[in-house]
Amino acid sequence: MGNGSEGGPSKIWMVRADNGESTELCVSGGFTGLGWTDLGDLTGVDDRFEIEERYRQVWPDEGSGKRRAVVGIHHRFLLEMR
């Protein structure tokens, strides 16, 4: 693996498009999206705790493992991907 701009390993992000069903929509629209639209517009969200709070409001009975996974996906997408 090549070096990133800061001299460390490069990060590679895998982005799926709903198993290919949304590929054309994303490519033609020039965007990448996440599902979970019930979370609402996450523009301006700047920490993991706010994402988690929204998740708990929408899916209060969901297990902690799934919650951590979904919150982590959104956190990385919003705040780490470059």
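Up top is the structure.
Note that this is a predicted model, so its numbers are computed, not measured. (Residues numbered from 1 in each chain as written. Predicted model: local features only at pLDDT ≥ 70, side-chain atom pairs only at ≥ 80, totals over all residues. Heavy atoms only, no water.)

S.K.: Tell me what's going on with the overall build of the protein chain, and back it up with residues and numbers.
M.R.: When its secondary structure is counted, the protein chain shows three helices and zero strands. From first element to last, N terminus to C terminus, the protein chain shows the α and β order α-α-α. In the protein chain, which comprises 82 residues, the share counted as buried stands at 16%. For the protein chain, the share of sequence-separated contacts (at least 6 apart) that also reach a separation of at least 24 residues comes to 41%. When the accessible surface of the protein chain is split by element, carbon and sulfur atoms take 49% of a total near 6,300 Å². (Helix = DSSP H or I, 4+ residues; strand = E, 2+ residues; numbered from the N terminus. Buried < 20%, exposed > 50% of the residue type's maximum accessible area, 1.4 Å probe, protein only. Contact = heavy atoms within 4.5 Å. Areas by Shrake-Rupley, 256 points an atom, 1.4 Å probe, with all protein chains shown as cover.)

S.K.: Please give an account of the environment of glutamate 52 that cites residues and values.
M.R.: Inspection of the secondary structure puts glutamate 52 in helix α2 (residues 48–58). For the pair glutamate 52 and histidine 74, spaced 22 residues apart in sequence, the C-alpha separation works out to 9.5 Å. Not counting residues within four places of it along the chain, the set of residues in contact with glutamate 52 comprises Arg67 and Val71. A distance of 2.9 Å separates the side chain of glutamate 52 from the side chain of arginine 56, its partner in a polar contact. (Polar contact = N/O pair within 3.5 Å; in protein donor to acceptor, adjacent residues only side chain to side chain.)

S.K.: Lay out the pattern of salt bridges in plain terms, naming residues and giving numbers.
M.R.: Considering all chains together, one arrives at three salt bridges under this definition. One salt bridge in this structure joins arginine 54 and glutamate 50, with 3.6 Å as the shortest N-O distance. You can see arginine 54 and its partner glutamate 50 sitting in helix α2, four residues apart, about one turn around the helix. On the accessibility criterion, arginine 54 (21% relative accessible area) is partly exposed. Note that glutamate 52 is salt-bridged to arginine 56, the shortest N-O span being 2.9 Å. Residue glutamate 52 and its partner arginine 56 are located together in helix α2, separated by four residues, close to a single helical turn. Each of Glu52, Arg56 and Arg67 takes part in one network of salt bridges that share partners. (Salt bridge = Lys/Arg side-chain N within 4 Å of Asp/Glu carboxyl O.)

S.K.: Please provide a residue-by-residue account of the environment of glycine 44, values included.
M.R.: Mapping glycine 44 onto the fold places it in the loop between α1 (23–29) and α2. Measuring from C-alpha to C-alpha, the distance between glycine 44 and leucine 78 comes to 9.1 Å, with 34 residues separating the pair along the chain.

S.K.: Would you mind going over the nonpolar core in detail, with residue names and values included?
M.R.: Of all hydrophobic cores here, the largest spans seven residues; its members are Leu39, Leu42, Val45, Ile51, Tyr55, Val70 and Val71. Of all the secondary-structure elements, those providing two or more residues to this core are α2 and α3 (64–79). Once you skip the residues sitting within four places of it in the chain, valine 71 turns out to touch Arg48, Ile51, Glu52 and Tyr55. (Core = buried A, V, L, I, M, F, W, Y, C linked by side-chain atoms within 4.5 Å.)

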